[in-house]
Amino acid sequence: MTAEGADELDLLVIGGGPAGEKGAAQAAYFGKRVAVVERAKEPGGAAVHTGTLPSKTLREAALYLSGHRSRSLYGVAIDLEPQRMLHGLMGRKAAIAAAESLRIRNNLARHQVELIEGHARFTGPHEVCVTHADGSTRTLRAKFVLVATGTKPRQPDDIDFASPLVHDSDEVLEIGELPSSLTILGAGVIGCEYACMFAALGIPVELVEARDEILGFTDREMVAALERAMAELGVRLHLGRAWGAVTLGADGDSVHTQLGDDTLVTHHLLFAAGRMGCTADLGLEHVGVRPNSRGLLTVAEVYRTAAPYVLAAGDVIGFPALASTSMEQARVAVCHAFGFDYKKSVSGTLPYGIYTIPELSSV
């Protein structure tokens, strides 16, 4: 039975990142009525605003502004005033994000997909209530719902993220000053990328990883070469070292990280150890879907959750959490849901691009 005043859709997508955009466009291409609900003011998700594109843009800008390539090729160093350098980095990042958001808007409009700004929450089977910024609401009903809400950085309670000296991997993109030194906790893809980026700007970096190796899913010979390159950049790697208390220095201008009997003292700290699925306030309990302890959703082979009409794709379902793979997951999910023959499965051979210095690429 249709709720009074509800809009009827074939597919409702929650989240306007890579998975959401491509899943919506796929269904619309075959004539389905589709809408995308995005909580942020601009579509694109972490890929555009807090992750993939911004960090890679900052990396390229850091290489250019620091003269890293010039030094390696010609022995020429370029020195810029740090604050002006920071403004240049942030300005370029904002321009790239704005351009990509516009591309997504245009792509959805071209496919006649409605983009709705607001917070989506399940209120019952096939039914979602969208709350807009002004407090008004709109009820949507859909044959299928694709959850593509992505992830956010994990923030342990015992670390003071309110301090301007302490950052997570999203907030560091809005850093107000270039640190004179930096500790990074977590040597996954994000931690390694930022370690290289800040080191390329001449900032001493302490990279801490509780496990005995970095990038465990990557070829060991490639990782060994990366570790040598990191050392040349000025990154000090601490492997197999579980960190303890993280406290602010009495001087108000340093962060102290306990490593066993040792203490790392640096100007700033970046916490890059783990991400959580953005599923906390989606009303999933109303459709019988339960996220795991990390907020991630479990899906069957064709990206269906415990509720067969609720699909999920992208970072919100966990590894590999790559933009290109997320796009394919959403396309496959939608094609299976509506019986399209276009996409049957995601390839088992996945491309990886890790934007350290130097980059690591593999298939």
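Some details on the overall build of the protein
Counting its secondary structure elements, the protein contains eight helices and 19 strands. Against the compact-globule benchmark of 21 Å for 363 residues, the protein has a radius of gyration of 22 Å, which places it among compact chains. In terms of overall dimensions, the protein has a C-alpha envelope of 65 × 45 × 40 Å along the principal axes. When contacts within the protein are restricted to residue pairs at least 6 apart in sequence, long-range pairs at least 24 apart make up 62% of them.

Here's the deal with the pattern of salt bridges
In total, this model carries 21 salt bridges according to the counting rule given. The partner of R121 in a salt bridge is E285, with the nearest N and O atoms 3.2 Å apart. Placement of the pair is R121 in strand β4 (residues 119–124) and E285 in the loop between β16 (275–277) and β17 (310–312), with a sequence separation of 164 residues. By relative accessible area, R121 is classed as partly exposed at 28%.

Quick word on the nonpolar core
If you look at the biggest cluster of nonpolar residues, it comprises 52 residues, and the most contacted ones within it are L11, L12, V34, F122 and F338. When residues in this core are grouped by element, the largest group, seven residues, is from helix α8 (residues 323–338). Discounting residues that sit within four places of it in the chain, L11 has contacts with G23, A24, A27, R33, V34, A35, A142, F144, V145, L146, V334 and F338.

Quick look at the state of the cysteines
Defined simply, a disulfide is a covalent bond joining two cysteines at their sulfur atoms. On inspection of all chains with the given rule, the structure shows zero disulfides. With no disulfide partner, C129 has as its closest neighbouring cysteine sulfur the one in C278, 20 Å distant. We classify C129 as buried; its relative accessible area is 19%. Looking at C192, it has no disulfide partner, and the nearest cysteine sulfur is the one in C196, 6.8 Å off.

Topic: the packing of aromatic side chains
For any two aromatic rings, the description comes down to two numbers: the centre-to-centre distance and the angle of the planes. Tallied over the entire structure, the rule returns 10 aromatic pairs. When the centroid spacing of 5.1 Å and the interplanar angle of 75° are considered together, the rings of F144 and F338 count as edge-to-face. Of this pair, F144 sits in strand β6 (residues 137–147) while F338 sits in helix α8; the two residues are 194 residues apart in sequence, bridging distant segments of the chain. Judged by its relative accessible area of 8%, F144 is buried. Looking at F338, the relative accessible area reads 15%, which means it is buried.

As for the pairing of strand β5 (residues 127–131)
Residues in a regular strand project their side chains so that they alternate between the two faces of the sheet. Counting buried positions over the five residues of β5 gives four, a clear majority of the element. Taken together, the five bridges between β4 and β5 define a ladder with antiparallel strand orientation. By the bridge assignment, G124 is partnered in β5 with E127. The antiparallel pairing of β5 with β6 creates a hairpin that spans five residues between the two strands, and G135 there sits at a positive phi of about 95°.

Quick notes on helix α6 (residues 189–200)
Across its 12 residues, α6 extends 17 Å between first and last C-alpha, which sits within 8% of the 16 Å expected from 1.5 Å per residue. The buried count for α6 comes to 10 of 12 residues, which makes it a mostly enclosed element. If you check which residues of α6 are buried, you get G191, C192, E193, Y194, A195, C196, M197, F198, A199 and A200. Two residues or fewer after α6 comes G202, characterised by a positive phi angle close to 85°.

Some points on the packing of helix α1 (residues 18–29) against α8
Two elements in contact, α1 and α8, have axes separated by 8 Å at closest approach and are oriented at 35°. With respect to the hand of their crossing, α1 and α8 are arranged in right-handed fashion. Across the interface between the two elements, P18, A19, K22, G23, Q26 and A27 from α1 touch A323, S326, M327, A330, R331, V334, C335 and F338 from α8. Class assignment for the residues of the contact of α1 with α8 results in nine nonpolar, three polar and two charged.

Digging into the sheet that holds strand β12 (residues 246–248)
Strand pairing in a sheet relies on backbone hydrogen bonds, with the paired strands running either antiparallel or parallel. One open sheet accounts for three strands, arranged β12-β13-β14; its pairing is antiparallel. With partners counted over all chains shown, the strands left at the sheet margins are β12 and β14 (262–266), one partner each. Neighbour to neighbour, the strand axes of the sheet diverge by 25° on average, direction disregarded. As paired elements, strand β13 (residues 255–259) and β14 share five bridges and run antiparallel to each other. Note on β14: the bridge partner recorded for Q258 is T263.

So, the pairing of strand β10 (residues 205–209)
Extensive coverage of β10 is indicated by the burial of five of its five residues. Both faces of β10 are covered, namely the face carrying V205, L207 and E209 and the face carrying E206 and V208. With four bridges joining them, strand β9 (residues 182–185) and β10 adopt parallel strand pairing. Across the sheet, the residue bridging to L182 is V205, located in β10. Handedness of the crossover joining β9 and β10 through α6 is recorded here as right-handed. Bridge analysis of β10 against strand β11 (residues 235–239) gives five bridges, and the strand direction is parallel. What sits directly across from V208, in β11, is H238. Between the parallel pair β10 and β11, the chain is carried across by helix α7 (residues 220–233), and the sense of this crossover is right-handed.

What counts, and where the lines are drawn
- In this numbering scheme, every chain counts its residues from 1 along its sequence in written order.
- Where totals are concerned, whole chains, interfaces and linings use all residues; where local detail is concerned, this predicted model gives features only for residues with pLDDT of at least 70, and gives and counts side-chain atom pairs only at 80 or more.
- The side-chain figures draw on all heavy atoms in the structure; neither hydrogens nor water molecules are used.
- The way it works is that DSSP assigns letters per residue, a run of H or I at least four long becomes a helix, a run of E at least two long becomes a strand, and they are numbered from the N terminus.
- When we talk radius of gyration, it's over C-alpha atoms, and the globule rule is simply 2.2 Å times the number of residues to the 0.38.
- Whether two residues touch is decided by their heavy atoms; if any such pair falls within 4.5 Å, the residues are in contact.
- Throughout this description, the term salt bridge denotes a Lys or Arg side-chain nitrogen within 4 Å of a carboxyl oxygen of Asp or Glu.
- For the exposure calls, accessible area comes from a 1.4 Å probe over protein chains only, and a residue counts as buried if that area is under 20% of its type's maximum, exposed if over 50%, partly exposed in between.
- Note on terminology: a nonpolar core comprises buried Ala, Val, Leu, Ile, Met, Phe, Trp, Tyr and Cys residues joined through side-chain atoms within 4.5 Å.
- When two cysteine sulfur atoms are found within 2.5 Å, that pair is recorded as a disulfide.
- Only Phe, Tyr and Trp rings are paired, with Trp represented by its six-membered ring, and only when their centres lie within 6.5 Å; those with planes under 30 degrees apart are stacked, over 60 edge-to-face, the remainder tilted.
- Here, any two strands with at least 2 DSSP bridges between them count as paired.
- In this analysis, the expected span of each helix is defined as 1.5 Å times one less than the number of residues it contains.
- The axes are straight lines fitted to the C-alpha atoms, using for helices just the contacting stretch, and the angles between their N-to-C directions are given from 0 to 180°.
- A clockwise turn of the near helix away from the far one marks a right-handed crossing, whereas an anticlockwise turn of less than a right angle marks a left-handed crossing.
- Throughout this entry, Asp, Glu, Lys and Arg are counted as charged residues, while Ala, Val, Leu, Ile, Met, Phe, Trp, Tyr, Cys and Pro are counted as nonpolar. The remaining residues, Gly among them, count as polar.
- Note on handedness: a clockwise path from strand one over the helix to strand two, with the strands aimed away from the viewer, defines a right-handed crossover.

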